[in-house]
Amino acid sequence: MSDYRSLDAQYFMPAFSRTMMIRRGKGCTVWDDDGKEYLDLVAGIAVCSTGHCHDHVVSAICRQAHELIHCSNLYYVPGQAEFAERLAKLTQLSTIFCSNSGAEANDAALKLARLATKRNEAVAFTHGFHGRTIGSLAVTHKPAIREPFGPLEPKCSFVEYGDLDGLRATVNSNTAAVLLEPIQGEAGVIIPPEGFIEGVREICDEKGALLIADEVQTGMGRTGTWLAMHQTKVMPDIVSLAKGIGSGFPMGAIAARDGLAFKKSEHGSTFAGGPLAMAAAMATIDVIEPILPGIAAKGERFASKLAKWNPRVRGLMIGISVGEQCPRVQSRCAELGVLVNCAGDGNLRLVPPLIISDAEIDRAAGVVNEVLTEVLN
Ligand SMILES: *Cc1c(COP(=O)(O)O)cnc(C)c1O
């Protein structure tokens, strides 16, 4: 077997810190390089919503790979129009454009907002994460990942997440869009105060700015509805999606309300919306559609098992404030065969496959309880 650790150290830029290799996955289970088995509550960071290597997804990708892998957007792409129809209907928005990632979906949303408003600035929230392309980085808050790359475009002002007065004072006649995560994911599953999202919508309407809901992490059923925004009384002008949309096949998309659309030559991408991505995304929707109504109950099951740690739970997006011991919790859980992940600010994040069974939830929660008790007491 090749010594991948030393090859990685020599040839791969050391931007990631990692300790293990995952070789294989099926359902909610993955196996590492030594054949050790884990129950996976990370799911490729909220990506593998249908579980690992779901038969329906694998056969859709294989079937398409035998037929046509790529043709470019110079031609109608097999599956693209059908996917657009399905995504428009399930998001309750009107028009769709595809991307290859979450960051690129946000870039597209920002471009569309600039076109539609003829304004060029953005407003976003503290601790928010929107991606690492130059454009999406400009609206991402964390100074450590943003500041080395400045000056960035678009010009962006940051407002405390949850602060409507601050938002009203900041959004102005140059603001093309406000970018909002309905629940902050990378920050550690932070749920905003009651009425906040409705207030953001109101301020955007008052000031003529668009509301972009970044549902890259919360979307595609993660929180128990197709969009987390569907649990509020309002809708965004544009929603960006990625992570769970293709079961791990790299892709993203934006959905926009009626009247918002790129016209000829205003946006494009060689790979975006390609045949394999469309097959993966349609198969993913096929799998999630029938289980969507049961996701809230699965989240409640986690919530009740983990109640003494005051978890923040929306569907299968779960955060627990742990503090500086979070990395220790992560590594102890792995030793005991459960993969969990530390998001921002010492917040433990659980984002398992949406197909997780009650028995798997009970087993996972048992280990998380055991480890939190051991580490925090
Ligand atoms: C992960 C994430 C992104 C970035 O997605 P990439 O596919 O990594 O570019 C953007 N926004 C949110 C809310 C995310 O969680």
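Computed from a predicted structure; not experimentally measured. (Residues numbered from 1 in each chain as written. Predicted model: local features only at pLDDT ≥ 70, side-chain atom pairs only at ≥ 80, totals over all residues. Heavy atoms only, no water.)

Structural notes on the packing of aromatic side chains
In plain terms, the rule: Only the six-membered ring of Trp is used, alongside the rings of Phe and Tyr, when aromatic pairs are assigned; centres must lie within 6.5 Å, and planes under 30 degrees apart are stacked while those over 60 apart are edge-to-face, with the rest tilted. Only DSSP runs of H or I with at least four residues qualify as helices, and only runs of E with at least two residues qualify as strands; both kinds are numbered from the N terminus onward. Burial classes: relative accessible area under 20% of the type maximum marks a residue as buried, over 50% as exposed, and values in between as partly exposed (1.4 Å probe, protein chains only). To sit over a ring, a charge needs its Lys NZ or Arg CZ within 6 Å of the ring centre and within 35 degrees of the ring normal.
A full pass over the atoms with the stated rule returns 5 aromatic pairs. Relative to tyrosine 161, the ring of phenylalanine 125 lies with its centre 5.9 Å away and its plane at 70 degrees, an arrangement referred to as edge-to-face. Taken as a pair, phenylalanine 125 in strand β5 (residues 121–125) and tyrosine 161 in the loop between β6 (156–159) and α8 (164–170) lie far apart in primary sequence, 36 residues in all. Assigned by exposure class, phenylalanine 125 and tyrosine 161 land together as buried. One aromatic cluster in this structure is built from Phe125, Tyr161 and Phe196. Of note, arginine 24 hangs over the ring of tryptophan 31, and the distance from its end group to the ring centre comes to 4.1 Å.

What to know about the side chain of histidine 130
What counts, and what does not: Any two residues whose heavy atoms approach within 4.5 Å at even a single point are treated as in contact.
Structurally, histidine 130 is set in the loop between β5 and α6 (134–138). Non-local contacts of histidine 130, meaning those with residues more than four positions away in its chain, are made with Gly102, Ala103, Asn106, Ala124, Ser136, Val139, Thr140, Leu179, Glu181 and Asp214.

Observations concerning the domain arrangement of the protein
The line we're drawing: Where a domain begins and ends is set by an automatic assignment or by a domain database. Once two parts are put together, the accessible area they lose, assessed with a 1.4 Å probe and summed over both, is termed the buried area. The salt bridge definition used is simple: a Lys or Arg side-chain nitrogen within 4 Å of an Asp or Glu carboxyl oxygen. Think of a polar contact as two N or O atoms within 3.5 Å of one another; within protein, one of them needs to be a possible hydrogen donor and the other a possible acceptor, and neighboring residues in sequence only count if both atoms come from side chains.
With domains assigned, the protein is organised as domain 1 (4–53 + 292–376) and domain 2 (55–290). The C-alpha-based centres of domain 1 and domain 2 are spaced at 25 Å. Opposite the 28 residues of domain 1 that make contact, domain 2 presents 32 residues. A combined buried area of about 2,400 Å² lies between domain 1 and domain 2, and 60% of that area is made up of carbon and sulfur atoms. When the buried area of domain 1 at its contact with domain 2 is split by residue, Leu292, Arg314 and Met317 rank highest and sum to 31% of it. Along the contact surface separating domain 1 from domain 2 lie 2 salt bridges. Inspection of the domain 1/domain 2 interface yields 15 residue pairs in polar contact (both at pLDDT 80 or more).

Quick look at empty space enclosed by the protein
We count it as follows: Using a grid of 1 Å spacing that covers the protein atoms alone, one calls a set of points a cavity when a 1.4 Å probe fits there but cannot get out, and a pocket when the set is open and has protein on both sides within 12 Å along at least five of seven lines; lining residues are those with an atom within 4 Å of a point. Grid points are joined across faces, edges and corners, and a volume is the space filled by probe spheres set on the points.
Enumeration over the complete set of coordinates arrives at 1 cavity of 30 Å³ or more. If you add up the space inside the largest cavity, you get close to 30 Å³. Every residue lining the largest cavity is listed: Leu110, Arg114, Asn120, Glu121, Ala122, Pro154, Ala176 and Ala177. Mapped onto the lining of the largest cavity, the elements with two or more residues apiece are α5 (102–117), β5 and β7 (175–180).

Quick notes on unusual backbone geometry
Each neighbour pair has its own omega, and for glycine 150 with proline 151 the value is 0 degrees, a cis peptide bond. Look at the link from glutamate 153 to proline 154: it is a cis peptide, with omega at 0 degrees. Tracing the backbone shows proline 154 in the loop between α7 (143–146) and β6. Here the phi dihedral of alanine 43 falls at roughly 55 degrees; this positive angle occurs in a residue that is not glycine. Tracing the backbone through its elements, the reader meets alanine 43 in helix α2 (residues 43–46). Judged by its relative accessible area of 0%, alanine 43 is buried. Despite not being glycine, isoleucine 45 has its phi angle at roughly 60 degrees, a positive value. The residue isoleucine 45 is located in helix α2 in this model.

Quick word on the site of the ligand
Selection rule: By convention in this text, a residue qualifies as near a molecule or strand provided that one of its non-hydrogen atoms is within 4 Å of it. Calculation of accessible area relied on Shrake-Rupley with a 1.4 Å probe; when residues are assessed, cover is drawn exclusively from the protein chains displayed.
The full set close to the ligand counts 13 residues, and Gly102, Ala103, Asp214, Gln217 and Lys243 are the nearest of them. In this structure, phenylalanine 129 approaches the ligand through a main-chain N or O atom, which is 3.3 Å from a nitrogen atom. The side chain of lysine 243 places a nitrogen or oxygen atom 2.6 Å from an oxygen atom of the ligand. If the ligand stood free it would expose 390 Å²; the protein chains cover 82% of that surface. At 3 residues, α5 tops the list of elements feeding residues into the shell around the ligand.

Section: the environment of asparagine 310
With respect to the secondary-structure elements, asparagine 310 resides in the loop between α11 (295–305) and β11 (312–314). C-alpha of asparagine 310 to C-alpha of isoleucine 320: the two residues are 10 residues apart in sequence and 6.8 Å apart in space.

Here's the deal with the pattern of salt bridges
Within this structure, the stated rule accounts for 19 salt bridges. Close ionic contact of aspartate 362 with lysine 305 constitutes a salt bridge, the shortest N to O distance being 3.6 Å. Of this pair, aspartate 362 sits in helix α13 (residues 358–376) while lysine 305 sits in helix α11, and the two are 57 residues apart along the sequence. One salt bridge connects arginine 332 with glutamate 374, and the closest N-O pair in it is separated by 2.7 Å.

Overview of the packing of helix α4 (residues 80–91) against helix α10 (residues 275–291)
Heads up, the rule is: Between N-to-C directions, angles cover 0 to 180 degrees, with each direction set by a line fitted to C-alpha atoms, over the stretch in contact for helices. Helix crossings get a hand from a simple test, with the near helix turned counterclockwise from the far one by less than a right angle marking a left-handed crossing and a clockwise turn marking a right-handed one. By the convention adopted, Pro, Cys, Tyr, Trp, Phe, Met, Ile, Leu, Val and Ala count as nonpolar, Lys, Arg, Asp and Glu as charged, and the other residues, Gly among them, as polar.
For the pair α4 and α10, the least separation of the axes is 9 Å and the interaxial angle reads 35 degrees. Viewed along their axes, α4 and α10 form a crossing whose handedness is left-handed. For the pair α4 and α10, the contacting residues are Gln80, Glu82, Phe83, Arg86 and Leu90 in the first and Met278, Ala281, Met282, Ile285, Asp286 and Glu289 in the second. A class-by-class count of the residues in the contact of α4 with α10 yields 6 nonpolar, 1 polar and 4 charged.

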